[in-house]
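# Descriptive structure summary
Residue strings, one per chain:
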Amino acid sequence: NGTEPWWKRSVVYQIYPRSFMDSNGDGIGDLQGIISKLDYLCKLGIDVIWLSPIYDSPNDDNGYDIRDYRAIMREFGTMADFERLIKEAKYRGIRIVMDLVVNHTSDEHSWFIESRKSTSSKYRDFYIWREGKDGAPPNNWGSIFSGSAWERDEKTGSYYLHLFSKKQPDLNWEHQPLRKEIYEMMTFWLDKGIGGFRMDVINFISKDVRFPDGAVHPEQVFADGSAYFMNGPKIHTYLREMNEAVLQNYDVLTVGEMPGATPEDAQIYTNPENRELNMVFTFEHMDLDRGPYEKWDIQPLQLVDLKKNLEKWQQALHHKGWNSLYWNNHDQPRVVSRFGDEREYREQSAKMLAICLHMLQGTPYIYQGEELGMTNVKFASIEDYQDIETINMYKEKREQGIPHEKIMESIYAKGRDNARTPMQWTPDGGFTTGVPWMQMNNNVNEINAESALANPDSIFYTYQKLIKLRKSHDIITYGSFQLLLSEHPYLFVYKRVLESEEWLVVANFSKRSEKLVWSDCDVEGKNGQVVIANYEHLEVNKKALEVRPYEAFVLSF
Ligand code: TEU
Ligand code: CA
């Protein structure tokens, strides 16, 4: 109905511009390349494009280290290109959401250059400076990109905080003049007609300013859910101030990336009455196939854990807030290789994962190439990897004497470059006429947009249909969620209910055939209509059904 916000029924497509489409043959994706692919995205049917950062940057962390918030990265093009992208997208009914990276800047940002000059600099308090202790850093915090989270600056002998790379100094949100600069910058972009912001690690911006020694590993969340820099003491104050100062004046989408946030945190962040954010990206379901210490400790996913985690988030935010729904982004390995089967059942498992995710309540995010079933990659040498997180981790673990092969297993499973190989447009590549900044995946001749568009049974058309269904069935956006067969190790079975309408979603996360008894789903005797399925010939009207390997279907009753 009229009062419901538009983003509850939208599907967002995430573009990592560096790897999406190169228009000028320098091997690096760019804005004109994106413009040339808008008709492809129109055909898919998406409503919003989230662009990973396109601001001026030295690219230590591929744009997540911003040097000038009001300039376009040279490799990506010009402000005129950006304004043309906005116009061309708008003409096609597509909004452009920008990536707001305000927990830190690049160390080449003019604010930091001034800040480090002297302790009396006007910009000193734009960043977090502390004195060391007996020649050691101020505390034992680790950087997410390895090593200490503190870097000693020669000029003044003080240490500055960087939760990420040493070229990404953290901004000091306690300092009101900094917050004012950020709000003015946000207004600058919103006045250009963007559709909103994805906010990078936004729940890190409030820290415990006593900077106590904490968990040695930065992402470790303490048993009581607290961590030393996530969901800090003033986070809600800052988000409400940001809303008051900027966001409330625009009808835009805001999604906060929130490592360490729980459903209870999200109930506060996404409750519309709190005027904070529309939705958040949780990491909980992305942390189920790892050890307690760090993401590189690989553990096989237990489907029951995934089902229960998604159920927790669905129930916690139903009628209270709003969920984002994702399997992929530029930091995560490709889901078909991670939770599906990239070899024997690649297409079926990719479709199953899409159906299972898009039938949940929330706004779905599709990461570039997910709609093609693009897979992880295995480069032979560490030299072929570009991601600073991977490179720093490799160096650190080699110094600890961990064998190359063991580290490479972790990189193959969880490295971020899995998601950053160039988008596969045609059987011979189609990303660039030059040498791509990162090697293309060698399965491009089989997995590419051209082949997908020519094949009516491709994964692409499953995504296209899921997006269409969302537009015409309120039950997907507003129905309640009920998990069934919660202990089943291979089948993810749930219901969506809206008034008298009932949809049953069945997804087989395994290559085994699994028996499904209709009475267990209390639909016995009712003849369901197939809404969408990834196999042909669904025998519905018997007492039980053999669910085939990676089979997924939705029945409406
Ligand atoms: O990521 C936040 C973050 O914590 C990730 O680094 C994630 O924990 C890690 O990559 C898991 O392997 C955001 C951006 O999405 C990421 O690309 C940036 O590197 C990071 O912030 C710093 O801006
Ligand atoms: Ca280019």
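Quick summary incoming for the structure in this document. All figures in this text were calculated on a predicted structure; none of them were measured in a lab.

Take the overall build of the chain next. Each helix and strand in the chain was counted, giving 15 helices and 20 strands. Summarising its shape, the C-alpha atoms of the chain cover approximately 80 × 55 × 50 Å along the three principal directions. If you take every contact in the chain between residues at least 6 apart in sequence, the share linking residues at least 24 apart comes to 71%.

Once that is clear, we can look at the coordination of the calcium ion (ligand 2). Here the calcium ion (ligand 2) is held by the protein donor atoms D22 (OD), N24 (OD1), D26 (OD), I28 (O) and D30 (OD), which lie 2.3 to 2.4 Å from it. Read N to C, the donor residues that coordinate the calcium ion (ligand 2) are spaced as D-x1-N-x1-D-x1-I-x1-D. Residue D22 is classed as buried on the basis of its relative accessible area of 4%. Judged by its relative accessible area of 3%, D30 is buried.

Turning our attention to unusual backbone geometry. Positive phi values are uncommon outside glycine, yet N59 reaches one of about 65 degrees. One can find N59 in the loop between β3 (55-56) and β4 (68-72). For N59, a relative accessible area of 14% corresponds to the buried category. Phi at Y550 takes a positive value of approximately 55 degrees, unusual for a residue other than glycine.

With that settled, the discussion passes to the sheet that holds strand β8 (residues 159-161). Read across the open sheet, the three strands follow the order β6-β8-β7; overall the sheet is antiparallel. The sheet is open, and its two edges are formed by β6 (129-130) and β7 (150-152), each paired on a single side. Where β7 meets β8, three bridges bridge the pair, whose relative direction is antiparallel. Note that in β8 the partner of E151 across the bridge is Y160.

This part is about empty space enclosed by the protein. The tally for this structure, following the rule as stated, stands at four cavities of 30 Å³ or more. Of the voids in this model, the largest cavity is the one considered here, and its volume is about 90 Å³. Together, T282, H285, N309, L310, W313, Q314, N323, S324, L325 and Y326 line the largest cavity. Mapped by element, the contributors of at least two residues to the lining of the largest cavity are α8 (303-317) and β12 (324-325). Per-element accounting of the lining of the largest cavity gives the leading share, four residues, to α8.

Spanning 13 residues, helix α3 (residues 79-91) covers 18 Å between terminal C-alpha atoms, matching the ideal 18 Å at 1.5 Å per step. Buried within α3 we find D81, F82, L85, I86 and A89. For α3, the angular spread of the buried residues around the axis is 145 degrees, confining them to a single face. What points out from α3, more than 90 degrees from its buried face, is the exposed set A80, K87, K90 and Y91. Structurally, α3 contributes buried residues whose contacts are with α1 (31-35), α2 (38-44), β2 (48-51), β4, β5 (95-100) and α5 (176-190).

Here we come to the packing of helix α11 (residues 388-399) against helix α12 (residues 404-414). Viewed as axis vectors pointing N to C, α11 and α12 meet at an angle of 155 degrees, and their least axial separation amounts to 10 Å. Of the possible angle classes, the one that applies to α11 and α12 is roughly antiparallel. Of the two elements, α11 crosses α12, and the hand of that crossing is right-handed. Contacts between α11 and α12 involve T390, M393, Y394, K397 and R398 on the former and, on the latter, H404, I407, M408 and I411. Tallied by class, residues from the contact of α11 with α12 come to five nonpolar, two polar and two charged.

With that settled, the discussion passes to the environment of K117. Mapped onto the elements, K117 comes out in the loop between α4 (110-115) and β6. Here K117 falls in the partly exposed class, since its relative accessible area comes to 44%. In sequence terms K117 and P53 are 64 residues apart; their C-alpha atoms lie 27 Å from each other. Apart from residues lying up to four places away in sequence, K117 is in contact with K155 and T156. Only 2.9 Å separates the side chain of K117 from the side chain of E114, close enough to count as a polar contact.

Conventions adopted
- Residues numbered from 1 in each chain as written.
- Chains lettered and ligands numbered in written order.
- Predicted model: local features only at pLDDT ≥ 70, side-chain atom pairs only at ≥ 80, totals over all residues.
- Heavy atoms only, no water.
- Helix = DSSP H or I, 4+ residues; strand = E, 2+ residues; numbered from the N terminus.
- Contact = heavy atoms within 4.5 Å.
- Donors = N, O, S within 2.8 Å, 3.2 Å for Na, K, Ca; no water.
- Buried < 20%, exposed > 50% of the residue type's maximum accessible area, 1.4 Å probe, protein only.
- Pairing = 2+ DSSP bridges.
- 1 Å grid on protein atoms, 1.4 Å probe; cavity = no way out; pocket = protein on both sides within 12 Å on 5 of 7 lines; lining within 4 Å.
- Points joined across faces, edges and corners; volume = space filled by probe spheres on them.
- Expected span 1.5 Å × (residues − 1).
- Arc of directions from axis to C-beta.
- Axes fitted to C-alpha atoms, helices over the stretch in contact; angles between N-to-C directions.
- Parallel < 35°, antiparallel > 145°, perpendicular 65-115°, else oblique.
- Left-handed = near helix turned anticlockwise from the far one by under 90°.
- Nonpolar A, V, L, I, M, F, W, Y, C, P; charged D, E, K, R; others polar.
- Polar contact = N/O pair within 3.5 Å; in protein donor to acceptor, adjacent residues only side chain to side chain.

Just distances and angles here, no functional claims.
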